[in-house]
Structure formats: C-alpha cells, structure tokens
Amino acid sequence: MNRIVIVGVGALGSHVLLLLRNHPGLTVCDFDKIESKNLMSQFHTTMTLGRNKAQAAQQTMRGLFGVAVAPFPHKLTTDNVGVILGGATLVIDCTDNVEARRVIQGYVIPNKIPCLHGGLAADGTLGRVVWSEQFQPDEAGAGQATCENGEHLPFIGMVSAYMAQAAQRFLRTGERWAFHIMPDKVLRLS
C-alpha cells in the first residue's frame, strides 16, 4: 500500500488532502494550531478552532468522508524526520518556511523518496509545483503570511489541484509533472 505524507496542513496542504482523499495511506504532519484567521483560506472548520491542524484534518476527513488519515501533530525536525517520512511512497511538501523545507530535502534526497514541493507567493501571483530535483528552498519567502484573508482562495484551490494532479499522476504512472501557475496561465515544466 502507498504511504503518502503531506507535511503542512495549511492553505495548500489542507486542500491537497481534500483532493487526494480517495488514496489510501494518507498521513499528515503539522504542529500548528488552527486560528480564526486560517478559516478564510484553509480547509478547516470553526468546530476545530484551537486544535492541532493534523489532528483536526484527521477528524474532518473521517467525519465528512469516512477516510482514515494518520496524524503527526509535531514539528518536523532532524530528530523526528525519519519517523514521520520514513517508508513514504511520496512526500508532499506544503510547508511555508525554509527550515522545514531543508529538513524535508535533507531526508528525502539521500533516502531516494519522491517529494513534490508546493509553494505560493503571498500576494497570490505565483504557485509552484515541483519535484525535489527541481527545487531550491527560497529564503525570500521565509516567514511571509500566505493568503490569510481568503482573498486568493480560488488561486490556492487551483495550485492545490495541480499538486494533487501531479501526485496522482506519479502514483499511477511514475511520471513527474511539474508546474508554474499564475492566475491567468499555467506552464507545465515536465
């Protein structure tokens, strides 16, 4: 059975999880708690305010769709990365900080685990869906709020859909599709 690990269950990750819910073996990792500002752009509900995002995603997927999701409600670090990502068929990086992205890269590359990275420009003008071999962590975006007011929710959904499509394609055929996404056009890189 496949083991798909989504790291980061915020704007991108919560929607990617929603779109990949029909794949068995889903695991989510996020240490953060749901705040009211998250509800405008993330697939979380008012009923889960204050809860850990990974545990809330597990509850939502089970409650709405009867889907089993394994949660890791912890911050991904070099000390626990092997436990969280070890044995994964596919890692999907939906984090929004360079530190976490470096931890992911530092584990998946030497362990030859396929990893799909997603990213959003905070102003909603660019989304990226790329594989580890094409990915460089971006210092410039570190610490920026990503679309907290819901203004770019359709764009977040669009980037999430391309991430889910790339993941699904990889799981079915082994092909690695990558994209640069802008509000008015999509460039397929591979």
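Above this text is the structure in question.
Residues numbered from 1 in each chain as written. Predicted model: local features only at pLDDT ≥ 70, side-chain atom pairs only at ≥ 80, totals over all residues. Heavy atoms only, no water.

## Observations regarding the overall build of the protein chain
A tally of regular secondary structure across the protein chain gives five helices and eight strands. Counting from the amino terminus, helix and strand elements in the protein chain follow one another as β-α-β-α-β-α-β-α-β-β-α-β-β. Seen through its C-alpha atoms, the protein chain measures out along the principal axes to roughly 40 × 35 × 30 Å. A burial count over the protein chain gives 49% of its 190 residues as buried. Pairs at least 24 apart in sequence give 60% of the contacts found in the protein chain among residues at least 6 apart. When the accessible surface of the protein chain is totalled, it reaches about 8,800 Å², and 53% of it is carbon and sulfur. (Helix = DSSP H or I, 4+ residues; strand = E, 2+ residues; numbered from the N terminus. Buried < 20%, exposed > 50% of the residue type's maximum accessible area, 1.4 Å probe, protein only. Contact = heavy atoms within 4.5 Å. Areas by Shrake-Rupley, 256 points an atom, 1.4 Å probe, with all protein chains shown as cover.)

## Let's talk about the side chain of Asn38
Mapped onto the fold, Asn38 is located in the loop between β2 (26-29) and α2 (53-65). A distance of 2.7 Å separates a polar atom in the side chain of Asn38 from the backbone nitrogen of Glu35. Residues within four places of Asn38 in sequence aside, it is in contact with Lys33 and Lys53. (Polar contact = N/O pair within 3.5 Å; in protein donor to acceptor, adjacent residues only side chain to side chain.)

## Observations concerning the sheet that holds strand β5 (residues 115-120)
Spatial strand order, β3-β2-β1-β4-β5-β6-β7-β8: eight strands in an open sheet with mixed pairing. The sheet terminates laterally at β3 (69-72) and β8 (185-188), the two strands that pair on one side only. On average, each strand axis in the sheet is inclined to that of its neighbour by 15 degrees, with strand direction left out of account. Bridging between strand β6 (residues 127-131) and strand β7 (residues 179-182) involves three bridges; their strand directions are antiparallel. Counterpart to Val129 in the pairing with β7 is Phe179. Against the sheet, α2 touches β2 and β3, its axis set at about 165 degrees to β3. (Pairing = 2+ DSSP bridges. Axes fitted to C-alpha atoms, helices over the stretch in contact; angles between N-to-C directions.)

## Some words on the state of the cysteines
Going through the model one piece at a time under the given rule, you end up with zero disulfides. Considering cysteine sulfurs only, Cys115 is the nearest to Cys94, which forms no disulfide, with 9.3 Å between them. Judged by relative accessible area, which is 0%, Cys115 ranks as buried. (Disulfide = S-S within 2.5 Å.)

## Some remarks on the packing of aromatic side chains
Note on aromatic pairs: each is described by the distance of the centres and the angle between the planes. Scanning all chains against the criterion turns up three aromatic pairs. Centroid distance Trp177 to Phe179: 6.3 Å. Interplanar angle 85 degrees. Geometry classified as edge-to-face. Exposure class is identical for Trp177 and Phe179. Each is buried. In textbook terms, an aromatic cluster arises when at least three aromatic residues are bridged by ring pairs, as seen for Tyr162, Trp177 and Phe179. Lying across the ring of Phe65, Arg21 places its NZ or CZ 4.0 Å from the centre. (Phe/Tyr/Trp six-rings, centres within 6.5 Å; stacked < 30°, edge-to-face > 60°. Lys NZ or Arg CZ within 6 Å of the ring centre and 35° of its normal.)

Functional significance is not addressed by these values, which are geometric in nature.
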